[in-house]
Amino acid sequence: METYSQIDYNRIAQAIAYLKVNFKQQPSLDDVAEHVNLSPFHFQRIFKEWAGVTPKKFLQYLSIEYAKSILKDNQVTLFDAAYETGLSGTSRLHDLFINIEGMTPGEFKNGGEQLTINYSYAESPFGSLIVASTGKGVCYMAFADDQHEALEALKNTFPNAQYHQLLDMIQQNALYIFTQDWSRINEIKLHLKGTAFQLKVWETLLKVPIGGLSTYATIAASINNPKASRAVGSAVGDNPVAFLIPCHRVIKSTGEFGQYHWGSSRKTAIIGWEAAKTTLGKI
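An account of the accompanying structure is given in this report. (Residues numbered from 1 in each chain as written. Predicted model: local features only at pLDDT ≥ 70, side-chain atom pairs only at ≥ 80, totals over all residues. Heavy atoms only, no water.)

1. Let's talk about the packing of aromatic side chains
Working definition: an aromatic ring pair is given by the centre-to-centre distance plus the angle between the planes.
Here's step 1: One pass over the full model with this rule turns up six aromatic pairs.
Here's step 2: Summarising the aromatic geometry, the rings of Phe178 and Phe243 are spaced 4.7 Å apart at their centres and angled 40° between planes, so their arrangement reads as tilted. Of this pair, Phe178 sits in helix α9 (residues 169–179) while Phe243 sits in the loop between α12 (229–237) and β8 (250–251), placing them 65 residues apart in sequence.
Here's step 3: Residue Phe178 is classed as buried on the basis of its relative accessible area of 7%. (Phe/Tyr/Trp six-rings, centres within 6.5 Å; stacked < 30°, edge-to-face > 60°. Helix = DSSP H or I, 4+ residues; strand = E, 2+ residues; numbered from the N terminus. Buried < 20%, exposed > 50% of the residue type's maximum accessible area, 1.4 Å probe, protein only.)

2. Remarks on α9
Here's step 1: Taken together, the buried positions of α9 are Gln171, Asn173, Ala174, Leu175, Tyr176, Ile177 and Phe178.
Here's step 2: Next to the buried residues of α9 lie β2 (116–124), β3 (127–134), β4 (137–143) and β6 (188–192). (Contact = heavy atoms within 4.5 Å.)

3. Describing the packing of helix α10 (residues 196–205) against α12
The angle between the axes and the distance between the axes are what describe a pair of packed helices.
Here's step 1: Across the interface, α10 lies against α12 with an axial gap of 9 Å and an inter-helix angle of 80°. The angle between α10 and α12 falls in the class roughly perpendicular. Listed contacts from α12 to Phe197, Gln198, Val201, Trp202 and Leu205 of α10 are Ala231, Val232, Ala235 and Val236.
Here's step 2: Here the residues of the contact of α10 with α12 are counted per class, giving eight nonpolar, one polar and no charged. (Axes fitted to C-alpha atoms, helices over the stretch in contact; angles between N-to-C directions. Parallel < 35°, antiparallel > 145°, perpendicular 65-115°, else oblique. Nonpolar A, V, L, I, M, F, W, Y, C, P; charged D, E, K, R; others polar.)

4. Details of the pattern of salt bridges
Here's step 1: Scanning the model with the defined rule gives two salt bridges in all.
Here's step 2: Between Lys136 and Glu101 there is a salt bridge, with the nearest N and O atoms lying 3.4 Å from each other. Highlighted residues: Lys136 in the loop between β3 and β4 and Glu101 in strand β1 (residues 98–102), separated in sequence by 35 residues.
Here's step 3: Judged by relative accessible area, Lys136 falls into the partly exposed class, the value being 39%.
Here's step 4: Across the salt bridge formed by Asp145 and Arg266, the nearest N and O atoms sit 2.9 Å from each other. Taken together, the positions of Asp145 in the loop between β4 and α8 (147–157) and Arg266 in helix α13 (residues 264–279) put the pair 121 residues apart, joining distant regions of the chain. (Salt bridge = Lys/Arg side-chain N within 4 Å of Asp/Glu carboxyl O.)

5. Notes on unusual backbone geometry
Here's step 1: We note that Asn37 has phi near 60°; this positive angle belongs to a residue other than glycine.
Here's step 2: Following the sequence through the fold, Asn37 ends up in the loop between α2 (29–35) and α3 (40–51).
Here's step 3: With a phi close to 60°, Asn224 is a non-glycine residue in the positive phi region.
Here's step 4: Residue classification places Asn224 among the exposed positions, given a relative accessible area of 71%.

6. Examining the nonpolar core
Across soluble globular proteins, nonpolar side chains show a tendency to be buried alongside one another.
Here's step 1: The biggest cluster of nonpolar side chains holds 74 residues, and the ones touching the most others in it are Phe43, Phe126, Ile130, Leu154, Phe158, Leu190 and Leu244.
Here's step 2: Ranked by residues supplied to this core, first place goes to helix α1 (residues 4–22) with seven residues.
Here's step 3: Discounting residues that sit within four places of it in the chain, Phe126 has contacts with Tyr9, Trp50, Phe143, Phe178, Phe243, Arg266, Ala269, Ile270 and Trp273. (Core = buried A, V, L, I, M, F, W, Y, C linked by side-chain atoms within 4.5 Å.)

7. Considerations on the pairing of β3
Here's step 1: Most of β3 is tucked away: eight of the eight residues are buried.
Here's step 2: Pairing analysis gives seven bridges linking β2 to β3, with the strands arranged antiparallel. If you follow Asn118 over to β3, its bridge partner there is Ser133.
Here's step 3: Hairpin remark: β2 followed by β3, antiparallel, with two residues in the connecting loop.
Here's step 4: Sheet topology places β3 next to β4; six bridges connect them, and they run antiparallel. Each residue of the ladder has a partner; that of Val131, found in β4, is Met141.
Here's step 5: Joining the antiparallel neighbours β3 and β4 is a turn of two residues. (Pairing = 2+ DSSP bridges.)

Worth remembering: the numbers are spatial, not functional.
And the structure:
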């Protein structure tokens, strides 16, 4: 049975998808509320609670044409453009340090045979999550629309590990990122299974600030391999830690948001949420 939080998220995700398709028509509050079968008053209230801004204001952050013009004409991220025009607030994520440690060759090759992995389920503004950790850090985090399928995906990543359903402090510390309780966040450590190239791409993604966007070509250039856009795209798609490693901030060079491992509507929602929070100085 869905919780009220999940129902609200599904409605907001549906509204975001509708706005993404119809942004050129600048749909009214009544139009969007009707699309998600809510009264305008109720829709406005839950949308503002969830996103921190009104639907009308949120629509501004989803303008793909704006993203196209910024990226194409100025060759800068949306974050840089917003900052230059005085729109950006101070991001606490600049103060957040996430450290990636790659697994040893043995851990990588034997499917986690020597690893003990704790896992748990949690709620986020963008739906349910599964988060897993070893003794060294978070090794996996994914949006879990189906808990059974999410657990199987985790076990396929580390087929030989020992599993315990347990929320530990490593996971809890990482999950504080969604509650914005920054005073309780220590250094977030990640313990990841990946090739040297993948780890380099994931580390580069951590440099894309909240409220900012980058492209596959920009990421490739950042790792001194400008011809590797396709390989970068594959590494981005293989990101094992949703949100903490912000693969959702990578879009096409045309300005289109593109696909996302956990759903394009969710990607659009996260980008809009981060832009709204950053502009308002709430993070």
